Each structure stands twice: as C-alpha cells, then as structure tokens.
Amino acid sequence: MSDRITLLSKREIDKMRQAGRLASQLLDYLAPMVKPGISTQELNDEAEKWTKAHNAISAPLGYKVGKVHFPKSICTSINEVICHGIPSKKVILQEGDIINIDVTPILDGYHGDTSRTFLVGEVSETAKKLVEVTEECLYRAIEVIKPNGRLGDIGAAIQEHAESEGFSVVRDFVGHGINRVFHTAPQVPHFGERGTGKKLRPGMVFTIEPMINEGTHEAELLKDGWTAVTKDRKLSAQFEHTIAVTHDGVQILTLSD
C-alpha cells in the first residue's frame, strides 16, 4: 500500500457518494433476508445478482492479498469471526447469531465500502450490547472528524467508548483510504491517542470500520488465509462507513436514500 494520500475533487467525491449509496442500498436489500435458516452463500448470491443488475461489480470477488484470492462477492462474518468471513453453503444462520455483512460494489470505477452487523432472531443481552456499542463507536469517531484534526482522534474516540463499556478494540485490522483503489493510504487505526497521527485535510476519503470484541482484542487467521477470528472465540461486531473530510467537517458517503 502506498503512503501517498490522494485528495479527491468534488466531482470524484460525488462519484464516491454514488458508489457508497449503492453499497448502502445493497445492505438494505439483504437485511430482510438475514434470518435463521439462510446460508451465507445464498446472501452472497443475492448480493452478486443485485450488484450486476445495478451495473456494478463486486470488488471483493477475486481480490488478492499475497497469493490468496478472495473467492466470494461479500464478506459474512458470524459471531467470533472478526472480518473477511467467506460465504458458504455449509454456513447456515442460527437463532441468536450476529453477522457482519461487508459489501463493496464498484460503480463507474469508484468503490463504495460499508458494513453492518445484524442480529439473527433473538440474541443474548451481551450480543445486543456489543452490537449497539460498536455502532456507537463508529458514530463517535465520525463526530470528531474535522479539517486539521488528527487520525489519532478517530482511534481515541472509538477506544475510549469501547473500553468504557467493557469491550476491546481489534488492532490487527484498520480502516483505509479508498477511491478508484480499494485499499490505499491512509491507514485508520481504531485505537490511539488524540492529537497524534496524520493531519486530516479536505478531500481525504477513507473508511472507518471499528471491530469491537467481547473479550480479548487479539485475532487469529484461519488456514483459508482470509477469515480472522477472536483468539478467545468470543463475539466480535463491526460497522463501517466511508467518509469524506470536507472544509467544514465530514460527510458520510455510504448512506442510502
């Protein structure tokens, strides 16, 4: 990943907003299907059909890190899976699960990247609280973004809230710059100290995607080379938006109408 941060023009940010809106609409489309008995492969197939019908392509499909290509169109991360869960016919949603669905359609060359964690039927109070706090962490992070702020402000806002509620913040995976390139500078840690890190400038576009764990923050990578799970196999939740730093604050680019 290059260290060079690209500042986007108003036209480019408008293109990112169109891709981001499509990503959010895709999650809206999948949401009613998240019920006990559906397989993650079925969610993947529906997402792929919907994406093609909207003249977009799925960025995760075939995406390569090292020598390993991601084999599906969306990520489906259930319970102890932190991120990059691979859809499968064998993985059937059960009552009480939580599942993060992460989608990134490419529209006119620009990436729209967003994710939400859904409750499958009736879930435990711990799971419900974890999901609520994780979403709160995302919006607390967005609230502190302003020109001449620092990347560390974002991580600090997330870490302070998550830890005050008794949860931990994953260190191994971070937010990232995004535009015509899926993953680029800057890296956006979800932990840190206020007043540290790179300065925020208008035109910067990046994801904020806190992964918050019930237990330890430590992660483990499974043999498939993609699926990351909590080391203690306790629950993990995640929410993600793509945002743009503006002259007077911040815009969320991954909102549906």
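Structure: see above.
Residues numbered from 1 in each chain as written. Predicted model: local features only at pLDDT ≥ 70, side-chain atom pairs only at ≥ 80, totals over all residues. Heavy atoms only, no water.

## So, the packing of helix 1 (residues 10-30) against helix 2 (residues 40-53)
Then, in step 1: The interhelical angle for the contact between helix 1 and helix 2, taken along N-to-C directions, is 135 degrees, at an axis separation of 10 Å. In terms of orientation, helix 1 and helix 2 fall into the oblique class. Here the hand of the crossing between helix 1 and helix 2 comes out right-handed. Residues Leu22, Gln25, Leu26, Tyr29 and Leu30 of helix 1 form the contact with helix 2, whose participating residues are Leu43, Glu46, Ala47, Trp50 and Thr51.
Then, in step 2: The residue inventory of the contact of helix 1 with helix 2, partitioned by class, reads seven nonpolar, two polar and one charged. (Axes fitted to C-alpha atoms, helices over the stretch in contact; angles between N-to-C directions. Helix = DSSP H or I, 4+ residues; strand = E, 2+ residues; numbered from the N terminus. Parallel < 35°, antiparallel > 145°, perpendicular 65-115°, else oblique. Left-handed = near helix turned anticlockwise from the far one by under 90°. Contact = heavy atoms within 4.5 Å. Nonpolar A, V, L, I, M, F, W, Y, C, P; charged D, E, K, R; others polar.)

## Details of the pattern of salt bridges
Then, in step 1: Applying the stated criterion across every chain yields a total of 10 salt bridges.
Then, in step 2: Salt-bridge contacts for glutamate 125 lead to lysine 128; the nearest nitrogen and oxygen are separated by 3.7 Å. Pair noted here: glutamate 125 and lysine 128 are both in helix 3 (residues 125-143), with a separation of three residues, about one helical turn.
Then, in step 3: We note a salt bridge from lysine 129 to glutamate 165, for which the minimum N-O separation is 3.5 Å. In this pair, lysine 129 sits in helix 3 while glutamate 165 sits in the loop between helix 4 (151-164) and strand 10 (168-169), placing the two residues 36 residues apart along the sequence.
Then, in step 4: A residue is classified by how much of its surface remains accessible, and lysine 129, at 34% relative accessible area, is partly exposed. (Salt bridge = Lys/Arg side-chain N within 4 Å of Asp/Glu carboxyl O. Buried < 20%, exposed > 50% of the residue type's maximum accessible area, 1.4 Å probe, protein only.)

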